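Here are the chains, one letter per residue:
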Amino acid sequence: MNKNLINNLITICISIVLLFLSAILIENPWWFFVIPVFIWGIIVNRLRWKVSLFSIGFLSGFLVWLFGNIYFDFVLDGHVLNRIAMLISLPKFVLMLLTGLIGGILTGLSLFTGGSLFEVRELNGLKKYDAI
Amino acid sequence: MKKIKISFLFPLMSMILLIAALSQQLFSIPPMGKLLNPFSGAVRNGESKQKRNTIKLEEEGLKAAVNIYFDQRSVPHIYAKGSDDMYFAQGYITAQFRLWQMDFISDAAAGRLSEILGNRFLEYDRNQRRIGILSAAKASLKMIEKDSETLAALTAYTKGVNAYIKKLDYKNTPLEYKIMDYKPEEWSNLKTVLIMKNLTSTLTGYDDDLSMSGMMMALGEENFNKLYPSYFGPITPVMGEQKKVINPDLVFTKKPDYLNFGFMAAGTMVNPSTYNPKLGSNSWAVSGNKTKSGFPILCSDPHLNLSLPAIWMEMQLTCPGTNVYGVSIPGTPAVIIGFNEDIAWGITNGADDVKDWYKLKITNDYKKYEMDGKWKKLESSVVEIKRKNQPSFYDTIYRAPQGPVVYDKNFAGNQGGLKNSALKWELHRPSNEFSTFIKLNKAKRYSDYKNAIANFSSPIQNFTFACKDNTIAINHQGKLARREAAEGRFILDGTRSRLLQRGYIPVDSLPGLLNPSSNYVLSANQHPTGKDYPYYYSGYYSEIRANRIQQLLASHNDFDIKDMEAIQLDNVNKFSLDALPLLLNHVDLRSLNKEQLHKISTLHNWKGTYDFNDVNALLFEFWWKNIKEAAWEELKIFPFYTKAPDDYVLLNMIKNSPEGKYFYTPISGKRENITAIITGALIKAVTTYNGIKSTDNSKWGAYNKINVMHLSNIDAFSRMNISSSGHPEAVNAISKNWGPSWRMIVALGDRPKAYGIYPGGQSGNIGSPNYDDFLTDWTKGKYYELNFYMSQEEAQKNTNK
């Protein structure tokens, strides 16, 4: 299999695991997950994987927030999100997409930020950064 | 070593800004990041439909473990080994079901909404502080702390609530906190007292003293008494007609000597009160001599605002010496309306006027006020009102001997006409209502009941009582001030100390009945006494429901539960029934077209019923409204006119008009042709009615829509536009936003058999199936059989089926 694809998949999987773990371990503040994801971004960067960090982060966060909400909405069948959708005058599916969007953007940004913290010299010469 | 890149700051800043934006409320948008987080946000407030499991409560602070069983409707049945543990568990379970509601109501009562919702509630908070709810609650708490039994109950309840709050994490925090972005604060005895004071405010807050003062000055004594008499139409007083010497002060309202245009500005604009004078209730008890079973039956249905979470929460509380079932008010211990193995009790609002305004003479700098010709120092205090994201607001409140000066140069509120008037309100006096309910919960006989209510002071209530030994009783109980004739109906002169209070009517002289020969007692916010009561008092009484209940109770001698349900759900407005024949007699048939004649002929057979499918009720409503408008049109010229004379006043004017043709309007003395008014009103009503009929809403139920609003007034959390039968003046007193907030019927006997329902559900959680699950059945007039367990074994067996 393409090594790049595998690296992308690993990045997604670990990001998702991190999102779950941080939510389970630390409930407050609600944005705590960006810290482990940020660190994971640094690591991916240092591994010199060719991964589009924002897109991959976005995808992980989008999936976790969207399906997390769908799951609990279904299991707890409380119709809370129906009421929230009414409250902010949006159709429920738009609200669902919005939850995905929030999770996606934040995860994407934090992974990307982690990845862009340090400069990395690309050995393959695809990108040339100044090294000291 | 790798170098840190400056460019990383850009995504970092974007992320921080985004998190900050999603963490807080922006205008009316809740903090979306927090709220939509799938792990701790709104979605986690959902509750599945499973039956609740028994809870064995072993929290720190309990003397022994407490068992809480839940029946199919999620009613908790609490079994404790002592009363402290029982109230602890009540506090705990109430918090679990209703934490936000009780917290929010206590904050709203205290005038602390700016603290949680921001500056837009500053006016509201200032008003609450100025009318003195918080300071009254503090004074009452001081008094309560001297009574060991009440203090123990309140303290245990508070501990229970706090034990629950301590266990909360963000995920389980009630949704309203998440949306409004604040946290539950620790519960306290003061918050409990605030909730009771809030109820007192709701029930005794209405007054029309300013408006009536204007009307008295404009109309003069004679016409005022014609339009706003204390007694009008037929009455069924709480204590029955005693046929003693008539007290002339109760019949004719004299104009106080100080009330003239020098005393009050002539053109004062008066806004209608924000309180609802029609909030009322029904309650009656029938002795075993009038029931099939030979045991008494007691009914109670308090009419309050229809709101979600519901005002009441149902529960059974037991410990050695107590086994009581009924409804409690979230935030307060004990059962407020209910029954135990031996007795049942109900309450209705006394509806007496206990709120007066004294017009003061104050110097421009608010340093001094005049009393009996002398200038005295005006007291003042500064209160801090905290505001969200803003520095605190400091408000100076002035205080005269009568009470606080609510409206002054710095605060106009919505009643500018009351500027520089002191408010004297029974609510301000320290009182301990909890003691009454704690004692009633374990009362076994009449003497226990009398002892329980003996010190009940405010708000004045009609207590109805029934015991399985066939004693029935009713008492108009509370602190009713002794007054001079007409005192309290108008703005009082604050410069005379003579008008300061002269004590209360003695408790043993308060209206009441014990085992009357009629074998029933009833109250529905009507006059407590006839015109023969030796003391002067006044109030905002409603007579129609009481008259109807009396008619129904007198008509039978073998009542059972089904009969009582029918009375509670009775949709007849007795006024309409009384008025219809008279109105029909005055219609000029020659000026009607075929269709209008047809409408008249169907009205002939109408029985005054506001049933769901009734097609005449709406037409009559329009007709009578048009007649009223035409008859009282000229009163509208007064800027202080807020309340039309009672419907019976107008009906009597029509009835007693010379030759049945005319009545003279009170102001201009104009001769009004009754037939013309009534016929014109009918023609107009038929047109309006036909307009509505074309949209198929002419059935009363389709037109009569009610709203059960969430306390925050958020539509998404409310149930709106529910079609309903009933009428504010019918026994089934349903109105647009208030109505029978708890219908209860208790048949006493070897084992009490009880039925009840309230518009809402046990849980205050919007995501719970128990949030509003009783509402549909309530609108249909259904009742649930209440599961009163005689023993813990029985509770265990029946709840774990």
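Throughout, residues of each chain are indexed from 1 in the direction in which the sequence is written. Each chain gets a letter, beginning with A, and each ligand a number, beginning with 1, in the order they are written. Reporting in this predicted model follows two pLDDT cut-offs: at least 70 for local features of residues, and 80 or more for side-chain atom pairs to be given and counted; totals over whole chains, interfaces and linings ignore these cut-offs and use all residues.

Looking at an unreviewed UniProt entry, chain B carries the name Penicillin acylase family protein, with the source organism given as Pedobacter alluvionis.

Chain A is annotated in an unreviewed UniProt entry as Apolipoprotein N-acyltransferase of Pedobacter alluvionis.

Trainee: Residue-level account of the overall build of chain B, with values.
Mentor: Counting from the N terminus, the helices are the DSSP runs of H or I reaching at least four residues and the strands are the DSSP runs of E reaching at least two. When you go through chain B residue by residue, the secondary structure sums to 23 helices and 30 strands. To get the radius of gyration, use the C-alpha atoms; to get the globule rule, take the number of residues to the power 0.38 and multiply by 2.2 Å. The C-alpha radius of gyration computed for chain B amounts to 28 Å, which stays within 12% of the reference 28 Å derived for 801 residues, consistent with globular compactness. Judged by the C-alpha coordinates and their principal axes, chain B covers about 105 × 70 × 60 Å. Across the 801 residues of chain B, 53% fall into the buried class. Residue pairs in contact within chain B that sit at least 24 positions apart in sequence constitute 70% of those at least 6 positions apart. Three exposure classes are used. Buried residues have 20 or more other C-beta atoms within 10 Å of their own C-beta, exposed residues have 12 or fewer, and partly exposed residues fall in between, all C-beta atoms being placed from the backbone. In this description, any two residues whose backbone-derived C-beta atoms lie within 7 Å of each other are considered to be in contact.

Trainee: Let's hear about the overall build of chain A: which residues, and what values?
Mentor: Looking only at helices and strands, chain A has 5 helices and 0 strands in total. Going from the N terminus to the C terminus, chain A shows its helices and strands as α-α-α-α-α. Pairs at least 24 apart in sequence give 76% of the contacts found in chain A among residues at least 6 apart.

Trainee: Describe in detail the packing of helix α2 (residues 34-46) of chain A against helix α5 (residues 92-115) of chain A, supporting the description with residues and values.
Mentor: Helix-helix packing is described using two parameters, namely the angle between the two axes and the distance between the axes. Residue and element names in this part refer to chain A. One can describe the packing of α2 onto α5 by two numbers: an axis separation of 6 Å at closest approach and a directional angle of 45°. Taken together, the axis directions place α2 and α5 in an arrangement best described as oblique. The chirality of how α2 crosses α5 is right-handed. Between α2 and α5, the residues in contact are V34, V37, F38, I39, W40, G41, I42, V44 and N45 and L106, T107, S110, L111, F112, T113, G114 and G115, respectively. Under the scheme applied here, ten amino acids are nonpolar (Ala, Val, Leu, Ile, Met, Phe, Trp, Tyr, Cys and Pro), four are charged (Asp, Glu, Lys and Arg), and all others, including Gly, are polar. Of the residues that constitute the contact of α2 with α5, the class distribution is 10 nonpolar, 7 polar and no charged. Every angle, taken between N-to-C directions, lies between 0 and 180 degrees, and every axis is a line fitted to C-alpha atoms, over only the stretch in contact when it is a helix. For classification purposes, angles smaller than 35 degrees are called roughly parallel, those larger than 145 roughly antiparallel, those between 65 and 115 roughly perpendicular, and all remaining angles oblique. Helix crossings fall into two classes, left-handed where the near helix is turned counterclockwise from the far one by less than a right angle and right-handed where it is turned clockwise.

Trainee: Describe the interface of chain A and chain B, naming the residues involved and giving the relevant values.
Mentor: Counting residues at the interface gives 36 residues for chain A, matched by 41 residues for chain B. Those elements giving two or more residues to the side of chain A that touches chain B turn out to be α3 (53-75), α4 (80-87) and α5 of chain A. Here the side of chain A that touches chain B takes 9 residues from α5(A), the largest share from any one element. Looking at the side of chain A that touches chain B residue by residue, the classes come out as 22 nonpolar, 9 polar and 5 charged.

Trainee: Lay out the nonpolar core in plain terms, naming residues and giving numbers.
Mentor: All names here are of chain B. As used throughout, a nonpolar core is a set of buried Ala, Val, Leu, Ile, Met, Phe, Trp, Tyr and Cys residues joined through C-beta atoms within 7 Å of each other. One finds I78, A89, F465 and V746 to be the most contacted residues of the largest nonpolar core, which totals 247 residues. No other element matches helix α3 (residues 83-110), which puts 16 residues into this core. Counting the residues that make up this core, at least three belong to each of domain 1 (209-273 + 355-428) and domain 2 (574-703). If we ignore the near neighbours within four places in the chain, the residues touching V746 are I297, L298, F339, A344, P752 and A754. Where a domain begins and ends is set by an automatic assignment or by a domain database.

Trainee: Give me the UniProt feature "active site" (unreviewed entry) in chain B: which residues, what numbers.
Mentor: Residue and element names in this part refer to chain B. With numbering aligned to this structure, UniProt lists the feature "active site" (unreviewed entry) at S281. Looking at where S281 falls in the secondary structure, it is placed in strand β4 (residues 281-286). For S281, the residues in contact, after removing those within four places along its chain, are D301, P302, H303, I347, T348, N349 and N525. UniProt positions are given in the numbering used here, feature names are shortened, and annotations may be inferred rather than shown by experiment.

Trainee: Talk me through the domain arrangement of chain B; I want residue IDs and the actual numbers.
Mentor: Residues and elements named next belong to chain B. For chain B, the assigned domains are domain 1 (209-273 + 355-428) and domain 2 (574-703). Just the C-alpha atoms count here: the centres of domain 1 and domain 2 sit 35 Å apart. Between domain 1 and domain 2, the residue contacts involve 18 residues of the former and 12 residues of the latter.

Trainee: Account for the sheet that holds strand β16 (residues 403-404) of chain B, naming residues and giving values.
Mentor: All names here are of chain B. Any two strands with at least two DSSP bridges between them are considered paired. Taking strand neighbours across the sheet as the criterion, the 3 strands line up as β14-β15-β16 in an open arrangement whose pairing is antiparallel. Of all the strands in the sheet, the pair left with one neighbour each is β14 (379-387) and β16. With 2 bridges connecting them, strand β15 (residues 390-400) and β16 associate as antiparallel partners. Bridge pairing links A400 to G403 in β16. Against the sheet, helix α5 (residues 122-131) engages β14, β15 and β16, with an angle of about 145° to β14.

Trainee: How would you sum up helix α13 (residues 446-453) of chain B? Please name residues and give values.
Mentor: All names here are of chain B. Every buried residue of α13 is accounted for by Y449, A452 and I453. An end-on view of α13 places all buried positions within 85° of arc, on one side of the element. Elements that come into contact with the buried residues of α13 comprise β10 (343-349), α12 (434-441), β18 (461-467) and β19 (472-477). Our arc is simply the arc of the directions from the helix axis toward the C-beta atoms.

Trainee: So, the UniProt feature "transmembrane region" (unreviewed entry) in chain A: which residues are in play, and what are the values?
Mentor: Residue and element names in this part refer to chain A. In the UniProt entry, the feature "transmembrane region" (unreviewed entry) is given for residues 5-24, 30-47, 54-72 and 92-118. For the annotated span residues 30-47, helix accounts for 72% and strand for 0% of the residues, and the straight-line distance between the end C-alpha atoms is 29 Å. A helix fraction of 100% and a strand fraction of 0% characterise residues 54-72, whose end C-alpha atoms lie 27 Å from each other.

Trainee: Give me the UniProt feature "binding site: Ca(2+)" (unreviewed entry) in chain B: which residues, what numbers.
Mentor: All names here are of chain B. According to UniProt, the "binding site: Ca(2+)" (unreviewed entry) feature falls on D353 and D356. Tracing the backbone shows D353 in the loop between β10 and β11 (355-359). Assessed through the 24 C-beta atoms surrounding it within 10 Å, D353 is described here as buried. Ignoring any residue separated from it by four or fewer positions in sequence, one finds D353 in contact with D207, G488, S538, G539 and Y540. Checked against the element boundaries, D356 lands in strand β11.

Trainee: So what's going on with α12(B)? Which residues, and what values?
Mentor: By the criterion of burial, α12(B) is predominantly enclosed, with 8 of the 8 residues buried. Among the residues of α12(B), those classed as buried are F434(B), S435(B), T436(B), F437(B), I438(B), K439(B), L440(B) and N441(B).

Trainee: Which residues make up the environment of T94(B), and what values do they have?
Mentor: Residue and element names in this part refer to chain B. Relative to the assigned elements, T94 resides in helix α3. Looking at T94, the number of C-beta atoms within 10 Å reads 26, which means it is buried. The spatial distance from the C-alpha of T94 to the C-alpha of S307 is 17 Å, given a sequence separation of 213 residues. In this view, T94 contacts M102, M313 and P330; residues no more than four positions away in its chain are not counted.

Trainee: Please provide a residue-by-residue account of the sheet that holds strand β20 (residues 492-493) of chain B, values included.
Mentor: Backbone-to-backbone hydrogen bonds pair the strands of a sheet. The strands run either parallel or antiparallel. Residues and elements named next belong to chain B. If you walk across this open sheet you meet the 3 strands as β17-β11-β20, and the pairing is mixed. At either margin of the open sheet sits one strand with a lone partner, and together these are β17 (421-425) and β20. Alignment of β11 against β20, held across 2 bridges, turns out to be parallel. In the sheet register, Y358 faces β20, and the bridge partner there is L492.

Trainee: Break down the pairing of strand β9 (residues 337-340) of chain B for me, citing the residues and quoting the values.
Mentor: Residues and elements named next belong to chain B. Both faces of β9 are covered, namely the face carrying I337 and F339 and the face carrying G338 and N340. Sheet topology places β9 next to β10; 2 bridges connect them, and they run antiparallel. Residue pairing for β10: G338 is matched across the bridge by W345. Following β9, the chain reverses through 2 residues before pairing antiparallel with β10.

Trainee: Could you give me a rundown of unusual backbone geometry, with the residues and numbers involved?
Mentor: Residue and element names in this part refer to chain B. For the bond from L308 to P309, the omega torsion is -10°, close enough to zero to count as cis. The step from S458 to P459 runs through a cis peptide bond, and the omega angle for that step is 0°. Within the secondary structure layout, P459 lies in the loop between α13 and β18. For D181, which is not glycine, the phi dihedral falls at a positive 60°. For D181, the position within the fold is in the loop between α8 (175-180) and α9 (189-204). Classification of D181 by C-beta neighbours within 10 Å gives partly exposed; the count is 16.

Trainee: Break down the confidence of the model for chain B for me, citing the residues and quoting the values.
Mentor: pLDDT is defined as a per-residue confidence score from the predictor, taking values between 0 and 100. With 97% of its residues at a pLDDT of 70 or more, chain B has an overall mean of 91. Interface confidence for the predicted complex, given as ipTM, is 0.89, next to a pTM of 0.93.

Trainee: I'd love a proper account of the confidence of the model for chain A, names of residues and values included.
Mentor: Across chain A, pLDDT averages 84, with 89% of residues at or above 70. When the criterion is pLDDT under 50, residues 123-132 of chain A qualifies, and its contacts beyond four places in sequence or with other chains add up to 9 contacts.

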